[in-house]
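The chain contents come next:
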Amino acid sequence: MAETKTEFDSVNQALEAYTSYFGEHYFFYVGFTKTDAESIREIQNCIKNGKRQSSPRYQDDLIY
């Protein structure tokens, strides 16, 4: 199996790599409180560990 790149210059690169590796999209939504660097780091960890992203948790009292 080919090694997957885990160093990214942009969130877009990281998102594309996640989709390529897992065959599904990373749940990423605009306006979230994570910085680009935090999102990239989380995607890197998912790929390095071979574990998909955890499902998002919603709060019942907020409008999304």
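The structure displayed is predicted, hence computed values, not measured ones. Throughout this description, residue numbers start from 1 for each chain and increase along the sequence as written. Totals for whole chains, interfaces and linings use all residues, but because this is a predicted model, local features are given only for residues with pLDDT of at least 70 and pairs of side-chain atoms are given and counted only at 80 or more. To obtain the side-chain values, all non-hydrogen atoms of the structure were used and water was disregarded.

### Some thoughts on the environment of Lys34
A helix here means a DSSP run of H or I that spans at least four residues, while a strand means a run of E at least two residues long, and both kinds are numbered starting from the N terminus. Mapped onto the fold, Lys34 is located in the loop between α1 (11–22) and α2 (36–49). Working definition: with a 1.4 Å probe on protein chains only, accessible area under 20% of the residue-type maximum means buried, over 50% means exposed, and in between means partly exposed. Overall, the relative accessible area of 28% leaves Lys34 in the partly exposed class. Throughout, a residue-residue contact means that at least one pair of heavy atoms, one from each residue, lies within 4.5 Å. If we ignore the near neighbours within four places in the chain, the residues touching Lys34 are Tyr26, Ser39 and Glu42. Think of a polar contact as two N or O atoms within 3.5 Å of one another; within protein, one of them needs to be a possible hydrogen donor and the other a possible acceptor, and neighboring residues in sequence only count if both atoms come from side chains. One polar contact links Lys34 to Glu42, side chain to side chain, over a distance of 2.5 Å.

### Some words on the packing of aromatic side chains
Within a pair of aromatic rings, the relevant descriptors are the distance that separates the centres and the angle that separates the planes. Ring pairs are drawn from Phe, Tyr and Trp, using the six-membered ring of Trp, whenever the two centres fall within 6.5 Å, and their geometry is named by plane angle: stacked under 30 degrees, edge-to-face over 60, tilted for the rest. The tally for this structure, following the rule as stated, stands at 3 aromatic pairs. Here Tyr18 and Phe22 contribute two aromatic rings whose centre-to-centre distance is 4.6 Å and whose plane-to-plane angle is 50 degrees, an arrangement assigned as tilted. Remark: Phe22 and Tyr18 occur in helix α1; sequence separation between them is 4 residues, near one turn of the helix. Each of the two residues, Tyr18 as well as Phe22, counts as buried. Ring geometry for Tyr18 against Tyr26: centres 5.2 Å apart, planes inclined by 75 degrees, an arrangement best described as edge-to-face. Accessibility classification places Tyr18 together with Tyr26 in one group, the buried group. An aromatic cluster of three or more residues is present, and its members are Tyr18, Tyr21, Phe22 and Tyr26.

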